[in-house]
Amino acid sequence: MEITPEVSPIVSVQLFGNFELRRDNIVLTSADMGGCKPRHILEILLLNFGSAMSKDRLIEVLWGSHAPDGAVATLESYVCCLRRLVQPGRTRTGPLRTANGGYVLDTRLVDSDLDRFHRLVHEAESALPAAAYPLLRRAIDMSAVPLLGNEVVPEWANEARLRIASQRLELQIRAAETASALNLPLEAISWAQAALDADGLNERAWTALVTAYELAGLYAEGLTAYDRCRRTFHRELACTPGSALQALYVRLLRQTAEAEGDLSEALEALICLGQRLRGNALPSGRPGGGLNFEGAEKILDSFLRRAQRAV
């Protein structure tokens, strides 16, 4: 069987932050790429790394409905310019190839930070928590700066940035959940809070935050976080947190009450009375499930009287 020799990349491209291309110990910035359109062609091919793009599709992305007359010839001239910059002396063997009436980048010959980011995410998806956690952290660090920072106008660049921002949010939540699974609650709190800074309406991020507070034994902070979530959802969405987060809240209340002694009976009474107001009955064995309405009322009245005398 013939063994195909390994091929080393001859071009390295940075898309996170400001554009940068390295080849043969030469560094090219966005200003060195022969104008914005040749650079855009390279960036679009990198966003579709390894997939051939037809000339018609490239023209559509580059110009939309405002393609100039002779757009195909113009595109081909831009590609020639790009090849001279990216692979001088390697017209046929360089990374930018002609394929199926269009163009494609040979993934063996290009090292792209965006491709490395996607590979880290893919590896983390199938790894166990201990192996996944450092991969998630590296991917989050890589995406800390905006994708295609030079390209503030093109719609296709903004769409790509939004996709990466959404993916980064997902990675932060997964990092929080993974840190909790590894019994690293303080790190989980940090990741969950970072996710909420990006999207304060993400219930999964709120759940990760409250779960991490519980794991850290910071019950009061967990209850405060839940209250912030509840208020935010009521104000912005006119709804309440889902059942899983509500159950976590009740568990934190129970744990807080057990830690505080006298609060335990009062909590059970409150849960019993709350269920009565909703017209629900609590089964025996759940908090409040062993109380009737009158017993709960007496317990809560006694607790409030003691609290008032203590003030």
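In case you missed it, the structure is sitting above this.
Description of the structure in this document. For clarity, every value in this text was computed on a predicted model and none was experimentally measured. Numbering of residues starts from 1 in each chain and follows the order in which that chain's sequence is written. Residues qualify for local features only when their pLDDT is at least 70, as the model is predicted, and side-chain atom pairs are given and counted only at 80 or more; totals for whole chains, interfaces and linings, by contrast, use all residues. The side-chain quantities take in all heavy atoms of the structure and omit both hydrogens and water.

1. Concerning the sheet that holds strand S2 (residues 20–23)
Okay, step 1: Read across the sheet, 4 strands follow the order S3-S2-S1-S7 without closing on themselves; strand pairing throughout is mixed. The open sheet terminates on both sides in strands that have one partner only, identified here as strand S3 (26–29) and strand S7 (110–112). With strand direction ignored, the average angle separating the axes of adjacent strands in the sheet is 20 degrees.
Okay, step 2: For S2 and S3, the ladder comprises 4 bridges, and the chain directions are antiparallel. By the bridge assignment, Arg-22 is partnered in S3 with Val-27. Strand pairing is assigned whenever DSSP identifies at least 2 bridges connecting the two strands. Helix and strand definitions here come from DSSP, where helices need a minimum of 4 consecutive H or I residues and strands a minimum of 2 consecutive E residues; each element is numbered from the N-terminal end. Here the axes come from fitting lines to C-alpha atoms, over the contacting stretch only for helices, and the angles between their N-to-C directions go from 0 to 180 degrees.

2. Overview of the pairing of S2
Taken residue by residue, a regular strand's side chains alternate between the two faces of the sheet.
Okay, step 1: A 1.4 Å probe rolled over the protein chains alone gives each residue an accessible area, and that area as a share of the maximum for its type sets the label: buried under 20%, exposed over 50%, partly exposed in between. Only one face of S2 is buried: it carries Leu-21 and Arg-23, and the other face, with Glu-20 and Arg-22, is open.
Okay, step 2: Where strand S1 (residues 11–14) and S2 come together, 3 bridges link them in antiparallel fashion. Residue pairing in the sheet places Gln-14 in a bridge with Glu-20 of S2.
Okay, step 3: Hairpin connection, S1 to S2: the antiparallel pair is bridged by 5 residues, and Gly-17 has positive phi, about 80 degrees.
Okay, step 4: Taking the residues that link successive antiparallel strands as the turn, the S2-S3 hairpin has 2 residues, and the phi of Asp-24 there is positive, at about 50 degrees.

3. Looking at the environment of Leu-62
Okay, step 1: Examined against the element boundaries, Leu-62 turns out to sit in helix H2 (residues 55–63).
Okay, step 2: Classification of Leu-62 by relative accessible area gives buried; the value is 10%.
Okay, step 3: Along the backbone, Leu-62 and Ile-44 are 18 residues apart, and their C-alpha atoms lie at a distance of 8.9 Å.
Okay, step 4: Throughout, a contact is declared for two residues whenever any of their heavy atoms are within 4.5 Å. Discounting residues that sit within four places of it in the chain, Leu-62 has contacts with Lys-37, His-40, Ile-41, Ile-44 and Leu-75.

4. Focus: the packing of helix H8 (residues 203–215) against helix H9 (residues 219–237)
Okay, step 1: Orientation of H8 relative to H9, taken along the N-to-C sense of each, is 165 degrees, at an axis distance of 7 Å. The angle between H8 and H9 places the two elements in the roughly antiparallel class. Judged by the twist between their axes, the crossing of H8 over H9 is left-handed. Side by side, H8 and H9 meet where Glu-203, Trp-206, Leu-209, Val-210, Tyr-213 and Glu-214 of the first sit next to Tyr-219, Glu-221, Gly-222, Ala-225, Tyr-226, Arg-228, Cys-229, Thr-232 and Phe-233 of the second. Here the angle decides the label: under 35 degrees means roughly parallel, over 145 means roughly antiparallel, 65 to 115 means roughly perpendicular, and every other value means oblique. Note: crossing handedness is left-handed where the near helix turns anticlockwise from the far helix by less than a right angle, and right-handed where it turns clockwise.

5. Structural notes on the nonpolar core
Okay, step 1: What makes a nonpolar core is a set of buried Ala, Val, Leu, Ile, Met, Phe, Trp, Tyr and Cys residues whose side-chain atoms join them at distances within 4.5 Å. Residues Leu-21 and Leu-42 are the most contacted members of the largest nonpolar core, which totals 75 residues.
Okay, step 2: Ranked by residue count, the leading element in this core is helix H6 (residues 155–181), at 10 residues.
Okay, step 3: Other than its neighbours up to four places away in sequence, Leu-21 contacts Val-11, Ser-12, Val-13, Ile-26, Val-27, Leu-28, Met-33, Leu-42 and Val-86.

6. Thoughts on the environment of Tyr-219
Okay, step 1: As for its position among the elements, Tyr-219 is in helix H9.
Okay, step 2: Measuring from C-alpha to C-alpha, the distance between Tyr-219 and Thr-256 comes to 6.1 Å, with 37 residues separating the pair along the chain.
Okay, step 3: Beyond its immediate chain neighbours, meaning those up to four positions away, Tyr-219 contacts Tyr-213, Glu-214, Leu-252, Gln-255 and Thr-256.

7. Thoughts on the pattern of salt bridges
Okay, step 1: By salt bridge we mean one thing: a side-chain nitrogen of Lys or Arg within 4 Å of a carboxyl oxygen of Asp or Glu. For the structure shown, the criterion picks out 17 salt bridges.
Okay, step 2: Put simply, Arg-108 and Asp-106 hold a salt bridge, and the shortest N to O gap is 2.8 Å.
Okay, step 3: The salt bridge partner of Asp-227 is Arg-230, with a shortest N-O separation of 2.6 Å. Within this pair, Asp-227 and its partner Arg-230 are both found in helix H9, separated by 3 residues, close to a single helical turn.
Okay, step 4: The exposure class of Asp-227 is partly exposed, given its relative accessible area of 26%.

8. Description of the sheet that holds strand S4 (residues 53–54)
Okay, step 1: An order of S4-S6-S5 is seen for the 3 strands of this open sheet, with the pairing classed as antiparallel. With partners counted over all chains shown, the strands left at the sheet margins are S4 and strand S5 (96–99), one partner each.
Okay, step 2: Where S5 and strand S6 (residues 102–105) come together, 4 bridges link them in antiparallel fashion. When the sheet's bridge partners are listed, Leu-96 is paired in S6 with Leu-105.
Okay, step 3: The strands touched by helix H1 (residues 36–47) are S4, S5 and S6; relative to S6, the strand with the most contacts, the crossing angle is about 65 degrees.

9. Regarding unusual backbone geometry
Okay, step 1: Even without glycine at this site, Asn-25 takes up a positive phi of about 65 degrees.
Okay, step 2: With respect to the helices and strands, the residue Asn-25 is situated in the loop between S2 and S3.
Okay, step 3: Residues other than glycine seldom take positive phi values, yet Asn-183 does so here, at roughly 60 degrees.
Okay, step 4: Looking at the element boundaries, Asn-183 is found in the loop between H6 and helix H7 (185–198).
Okay, step 5: In this structure Asn-183 comes out as exposed when scored by relative accessible area, which is 52%.

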